Amino acid sequence: MADLIILPVITLGVILGLYELFAIHADMNFRGSHWLGHGLHAVVFMIVALFAVMNVDFFLEITGLANSTIPFITNPLVLRILVGVILNIKMHGTSAVVHGGGLVARGMAEHWTHTTIITVLVIIMPYVWPFLSPIVPSYLGGG
């Protein structure tokens, strides 16, 4: 049975959430409460997204969907990509709402390049984590 992964999710969520925050800060060079508020928002949602992608196998097993005949549901990569697309839409939607950027989602001038990099990192993290885990301290989920 697949294990529920929690501590690495928090560690990686903080790292990638801060990367998202710094990427946005570099795009817009904004200051003040928007920076802090978006930063907290970015870290929390990054942890949620990473929890989803890192625990897809666990979710499929406990729900019994691992034995389903529907290929879309049983393919962990497809589910991870779906979470990544939702995360990307969320990042652009948040950016548009914060400063009224409209449909182009350039409210805080967040570039598609940055959100795409962040999305790809989230999607591939379950595949990269086994290689990173040995160099991460055990109190951060490595080991």
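Above: the structure in question.
What counts and how
- Residues numbered from 1 in each chain as written.
- Predicted model: local features only at pLDDT ≥ 70, side-chain atom pairs only at ≥ 80, totals over all residues.
- Heavy atoms only, no water.
- Bend = angle between axes of the 7 residues up to and from the residue.
- Helix = DSSP H or I, 4+ residues; strand = E, 2+ residues; numbered from the N terminus.
- Buried < 20%, exposed > 50% of the residue type's maximum accessible area, 1.4 Å probe, protein only.
- Salt bridge = Lys/Arg side-chain N within 4 Å of Asp/Glu carboxyl O.
- Core = buried A, V, L, I, M, F, W, Y, C linked by side-chain atoms within 4.5 Å.
- Contact = heavy atoms within 4.5 Å.

A. Molecular detail of helix α6 (residues 112-132). Along its length, α6 reaches its greatest deviation from straightness, about 65°, at Met125, and the proline Pro126 lies no more than four positions downstream. Taken residue by residue, α6 has His114, Thr115, Ile118, Thr119, Val122, Ile123, Met125, Pro126 and Trp129 as its buried positions.

B. Focus on the pattern of salt bridges. For the coordinates displayed, the defined rule picks out 1 salt bridge. Put simply, Arg80 and Asp57 hold a salt bridge, and the shortest N to O gap is 3.6 Å. Taken as a pair, Arg80 in helix α5 (residues 76-99) and Asp57 in helix α3 (residues 56-63) lie far apart in primary sequence, 23 residues in all.

C. The nonpolar core, seen in detail. Membership of the largest hydrophobic core comes to 15 residues, with the highest contact counts inside it found for Met46, Leu50, Met54 and Val122. Those elements that provide at least two residues to this core are α1 (7-28), α2 (33-54), α5 and α6. The contacts of Met46, once residues within four sequence positions are left out, are Gly13, Leu16, Gly17, Glu20, Leu87, Ile118 and Val122.

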